[in-house]
Amino acid sequence: MSAPQQGQLEALGLSATCADVVRHLWDYLDDQLTPEGAARLNAHMASCTTCRGYSDYQSCFLEAVAKLRAQLDAPESLRAKLAEGLKSEGCSCWGEVTKVKSNE
Amino acid sequence: MTMLASPPDSPAASTAQRDAEFAREALPWLDDVYRFALSLTRDEADADDVVQETFLRAYRSWHTFIPGTDCRRWLFTICRNVFLRSRERQRPTVDLEDGEQDALAAGSVYAAAREHGYDDLYARLDIGPALREAIDELAEPFRSAVLLVDVEDLSYDSAAEVMGVPIGTVRSRLFRGRRLLQEKLASLATEYGLTPASAEGTR
């Protein structure tokens, strides 16, 4: 693991301890850290408001991205076209295309 | 099953069973596959074609789907292959090993936001429309990584399988994608006057 450039850390206005959080917060939020690593970040964030703020900010961002999933469905015209396609493939379930409810 | 007119082992019965399985397992993912295809192609007509081809291929090769495995992942994999093949363009080969640099850069974006008092931007505003636009503008392969992991909630493992790359590559592509999105949103915040123009130089 390469150390970040000193200039970059200064630009962030962060101590070396906080820099660890910046480097690994996404891994932490994505649940990709070892239990020990996650515990270390937890312990630091319990006492550092700056890092907690950063963690909240990144969580909000990821939640906003995740919300996009609910915002767009396949158009009816595509469903109709796919039903025709499956029908010509001999699929007996072609009628289901326009009826099947989407998984959440 | 026992009420089927054809004996259970007859070709007609197995076809009916296959079709029913396909309808039950694959079709409910149509919206997900459409969203993914639309983001890949950035064009509704192209997305329609890719989705159509994806499901027809899935139907034809349904025998290769392993029951009990993640059907959505299987469909995403087909969808991405259909998309890549539909373009004569070579597969993007940008592989950034260093997700750390992107994580640090995202920290810088936040530091600037905090300094100028809009670090609660994501919580304060509905950034959905701006986000969608920013994702559409992301270059491949970063777009796929963000879509699969952050929008469609696939695990790194699953996304790696869909994209045909190692997990570490998913991570670096994802981090780059998130960083680019956050930089884009920060510059939009400046444009819309949510932040002083002087914040511009901090990207």
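For clarity, every value in this text was computed on a predicted model and none was experimentally measured.

Parameters at a glance
Residues numbered from 1 in each chain as written. Chains lettered and ligands numbered in written order. Predicted model: local features only at pLDDT ≥ 70, side-chain atom pairs only at ≥ 80, totals over all residues. Heavy atoms only, no water. Helix = DSSP H or I, 4+ residues; strand = E, 2+ residues; numbered from the N terminus. Buried < 20%, exposed > 50% of the residue type's maximum accessible area, 1.4 Å probe, protein only. Arc of directions from axis to C-beta. Contact = heavy atoms within 4.5 Å. Axes fitted to C-alpha atoms, helices over the stretch in contact; angles between N-to-C directions. Parallel < 35°, antiparallel > 145°, perpendicular 65-115°, else oblique. Left-handed = near helix turned anticlockwise from the far one by under 90°. 1 Å grid on protein atoms, 1.4 Å probe; cavity = no way out; pocket = protein on both sides within 12 Å on 5 of 7 lines; lining within 4 Å. Points joined across faces, edges and corners; volume = space filled by probe spheres on them. Nonpolar A, V, L, I, M, F, W, Y, C, P; charged D, E, K, R; others polar. Salt bridge = Lys/Arg side-chain N within 4 Å of Asp/Glu carboxyl O. Core = buried A, V, L, I, M, F, W, Y, C linked by side-chain atoms within 4.5 Å. Polar contact = N/O pair within 3.5 Å; in protein donor to acceptor, adjacent residues only side chain to side chain.

A. Examining the overall build of chain A more closely. Across its full length, chain A holds five helices and zero strands. Written out in order from the N terminus, the α and β elements of chain A read α-α-α-α-α.

B. Structural context of helix H7 (residues 128–137) of chain B. Looking only at H7 of chain B, the buried set comprises Gly128, Leu131, Ala134 and Ile135 of chain B. Considered in projection along H7 of chain B, the buried side chains sweep an arc of 125° and stay on one side of the axis. The exposed set on the far side of H7 of chain B, more than 90 degrees from its buried face, consists of Pro129 and Glu133 of chain B. Contacts made by the buried residues of H7 of chain B are with helix H4 (49–67) of chain A together with helix H8 (142–151) and helix H10 (167–191) of chain B.

C. Highlighting unusual backbone geometry. That bond from Glu140 of chain B to Pro141 of chain B is cis: its omega, 5°, falls within 30 degrees of zero. Mapped onto the fold, Pro141 of chain B is located in the loop between H7 and H8. With a phi close to 60°, Asp31 of chain A is a non-glycine residue in the positive phi region. Here Asp31 of chain A is to be found in the loop between helix H2 (16–29) and helix H3 (35–47). Judged by its relative accessible area of 68%, Asp31 of chain A is exposed. Despite not being glycine, Asp153 of chain B has its phi angle at roughly 60°, a positive value.

D. Seen up close, the packing of helix H2 (residues 30–41) of chain B against H8 of chain B. All names here are of chain B. In the contact formed by H2 and H8, the axes pass within 10 Å of each other and the chain directions differ by 160°. Taken as axis vectors, H2 and H8 run roughly antiparallel relative to one another. The handedness of the crossing between H2 and H8 comes out as right-handed. Contact residues: Phe36, Ser39, Leu40 and Thr41 in H2; Arg143, Ser144, Leu147 and Leu148 in H8.

E. Structural view of empty space enclosed by the protein. Residues and elements named next belong to chain B. Under the criterion given, the structure shown has three cavities of 30 Å³ or more. There is about 50 Å³ of room inside the second largest cavity. Among the elements of the structure, H2, H7 and H8 are those that each provide at least two residues to the lining of the second largest cavity. Looking at the lining of the second largest cavity residue by residue, the class counts come to four nonpolar, one polar and three charged.

F. Just the pattern of salt bridges, in detail. All names here are of chain B. Counted under the stated rule, the structure contains 24 salt bridges over all chains. A salt bridge links Glu140 to Arg80; its shortest N-O distance comes to 3.6 Å. Placement of Glu140 in the loop between H7 and H8 and of Arg80 in helix H4 (residues 71–86) is noted, with a sequence separation of 60 residues between them. Judged on exposure class, the residue Glu140 and its partner Arg80 are both buried. Residue Lys184 is joined to Glu137 by a salt bridge in which the shortest nitrogen-to-oxygen separation is 3.1 Å. Placement of Lys184 in helix H10 and of Glu137 in helix H7 is noted, with a sequence separation of 47 residues between them. The class of Glu137 is partly exposed, set by a relative accessible area of 46%.

G. Here's a closer look at the nonpolar core. In terms of nonpolar packing, the biggest core is built from 90 residues, with Leu86 of chain A together with Phe22, Phe55, Leu75 and Leu131 of chain B touching the most fellow members. Counting residues per element, this core draws most heavily on H4 of chain B, which supplies nine residues. Ignoring sequence-local partners within four residues, the contact set of Leu131 of chain B consists of Phe61, Ala64, Val65 and Leu68 of chain A together with Leu181 and Leu185 of chain B.

H. Summary view of the environment of Arg171 of chain B. Among the structural elements, Arg171 of chain B can be located in helix H10. For the pair formed by Arg171 of chain B and Ser187 of chain B, sequence separation is 16 residues and the distance between their alpha carbons is 24 Å. Separated by 2.7 Å, the side chains of Arg171 of chain B and Asp27 of chain A make a polar contact.

I. Region of interest: the interface of chain A and chain B. Of the residues lining the interface, 48 residues belong to chain A; the matching set on chain B comes to 55 residues. If you look at where chain A meets chain B, you find seven salt bridges. Two residues, Arg69 of chain A and Glu152 of chain B, come together in a salt bridge whose shortest N-O distance is 3.3 Å. Across the contact surface, chain A and chain B share 17 residue pairs in polar contact (both at pLDDT 80 or more). Every element with two or more residues in the side of chain A that touches chain B is listed here: helix H1 (6–12), H2, H4 and helix H5 (76–88) of chain A. Residue classes in the side of chain A that touches chain B are distributed as 26 nonpolar, 12 polar and 10 charged.

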